Amino acid sequence: QDSSVKRTPLQSARQQLPWKKQKLLDIHQALNSDPVDIETLRRAALSEGGLLTDDIRRKVWPKLLSINVYNLPPKPSKDVREDHKDYRQVVLDVRRSMRRFPKGMRVDEREVLQEQLIDIILDVLRRNPQLYYYQGYHDIVVTFLLVVGERMTIAIMEKLSNHHLRDFMDPTMDSTKHILNYLMPILERVDRELHDFMIRSEVGTIFALSWLITWYGYVLSDFRHVLRLYDFFLASHPLMAIYFAAVTVLYRQKEVKSSECDMASVHHLLSQMPQDLPYEELIGRAQSLFISCPPSLLTQSAALQPHNIIAISTFTDFQTSTLRQRPDSVLRQQLHKRHENQLTLPMSTQPANTNQLIKMAVWGLSATLGAAALAVAQTAMDWAPEFLSQLF
């Protein structure tokens, strides 16, 4: 190695950082790039450990979905439940979802979140009449609610419901069944013996339905594992959940082949999801499998008749839309300017709803405090990356 090549203090510090602190530093820099470095954020979500903390998820998840955190939808209105065709079913599903909330959470806290969960679901459906509710949707919504809060969850679910989850929200199950039909051709390419065994057993793919439509939220008991998979899926192609199903079945191939070759036995075995899966290993395998067996290759299979999957057809445009985002510091400044312009309008032209202006002023003040904290971190980035790494 040429000793004459001098490293900058920043480069030297980066090489000495433990991998977690290095990842935190990379995420911080990506979030503050202009435009936001979305590829680095995707790599962080995909690589070992995912996004590491809920605080980071609150910053990165919106960027992965091209959501402006300073322009979130309002809280659901009081009349969101009135005459809603899905109200009864949503309430039933949410009432049954107690195990999705953290153990030890106070009953009154959980009940508040359950009421928010009902309102969020109905609000997204009311704002998007083309979407149809399905049982299991609430399992995805509650995961986001527990991490990012009510208004951010509405924004996230509106985006996901029109992209990654769109085909599950058709009036029929046809598109969902079609996505499930990708499972067997993947297995056939990797392990023909396992594939043939499952075909003989006539088990079908229905055992993986709850995995797919809840992004595994329904079948995994450890919330940390659910969050790790959500990091993965948010940064991936919409079909990645079915590739993860494939690697899960492949991981259990010895168990499957040792079971009785009949539908009841194989279905029972596979529908019982082990809780000690090697998640990082399986995430890596799913990514490799997606590259070696992309959806375009699998559509040649007889099991996959031509069918328009909306999530696939809109994915390229969706990904492109994420590449032009400004960092939150810029979005915050833009928000302040809009507020200042509104506050300097002549009284006669100001909105009558002064209560809303008061709310905006308070929000602006809290955003300013956030900007001050960011300024400290940015200064630290410039002159002492070791100090920045200690902030986390």
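Rules used in this analysis
- Residues numbered from 1 in each chain as written.
- Predicted model: local features only at pLDDT ≥ 70, side-chain atom pairs only at ≥ 80, totals over all residues.
- Heavy atoms only, no water.
- Helix = DSSP H or I, 4+ residues; strand = E, 2+ residues; numbered from the N terminus.
- Buried < 20%, exposed > 50% of the residue type's maximum accessible area, 1.4 Å probe, protein only.
- Contact = heavy atoms within 4.5 Å.
- Areas by Shrake-Rupley, 256 points an atom, 1.4 Å probe, with all protein chains shown as cover.
- Phe/Tyr/Trp six-rings, centres within 6.5 Å; stacked < 30°, edge-to-face > 60°.
- Lys NZ or Arg CZ within 6 Å of the ring centre and 35° of its normal.
- Polar contact = N/O pair within 3.5 Å; in protein donor to acceptor, adjacent residues only side chain to side chain.
- UniProt positions renumbered as here; feature names shortened; annotations may be inferred.
- Arc of directions from axis to C-beta.

Helix and strand counts for the chain come out as 23 helices and 0 strands. Counting only residues that meet the buried cut, the chain has 48% of its 392 residues in that class. For the chain, the share of sequence-separated contacts (at least 6 apart) that also reach a separation of at least 24 residues comes to 76%. Element-wise, carbon and sulfur atoms account for 54% of the exposed surface of the chain, whose accessible area totals about 19,900 Å².

We now examine the packing of aromatic side chains. To describe a pair of aromatic rings, one takes the distance between the centres and the angle between the planes. Scanning all chains against the criterion turns up 16 aromatic pairs. Measuring from centroid to centroid gives 5.3 Å for Trp-215 and Tyr-230, while their planes differ by 85 degrees, and the two rings are edge-to-face. Of this pair, Trp-215 sits in the loop between helix H12 (209-213) and helix H13 (223-234) while Tyr-230 is found in helix H13, placing the two residues 15 residues apart along the sequence. In this pair, the class of Trp-215 matches that of Tyr-230, namely buried. These aromatic residues form a ring-pair network of at least three members: Trp-61, Phe-144, Phe-207, Trp-211, Trp-215, Tyr-216, Tyr-230, Phe-232, Phe-233 and Phe-244. Positioned above the aromatic ring of Tyr-218, the side-chain terminus of Arg-99 is 5.0 Å from the ring centre.

Here Thr-248 lies in helix H14 (residues 240-251). On the basis of relative accessible area, Thr-248 is assigned to the buried category, the value being 1%. Once the C-alpha coordinates of Thr-248 and Arg-285 are considered, the two residues, 37 residues apart in sequence, prove to be 9.6 Å apart. Residues contacting Thr-248, with those up to four places away along its chain left out, are Trp-211, Met-273, Leu-277 and Leu-282. Within the local environment of Thr-248, its side chain forms a polar contact with the backbone oxygen of Phe-244, the two atoms lying 2.8 Å apart.

Under the local residue numbering, the UniProt record ascribes the feature "transmembrane region" (unreviewed entry) to residues 197-218, 230-251 and 360-381. Note that residues 197-218 is 45% helix and 0% strand, and that its end C-alpha atoms are spaced 27 Å apart. Strand forms 0% of residues 230-251 and helix 77%; the C-alpha atoms that close the span are 20 Å apart.

As a further point, take helix H5 (residues 87-95). All of the buried residues in H5 are Val-90, Val-91, Asp-93 and Val-94. For H5, the buried positions fall inside an angular range of 165 degrees around the axis, keeping them on one side. Summarising the contacts, the buried residues of H5 are in contact with helix H6 (107-127) and helix H7 (137-148).

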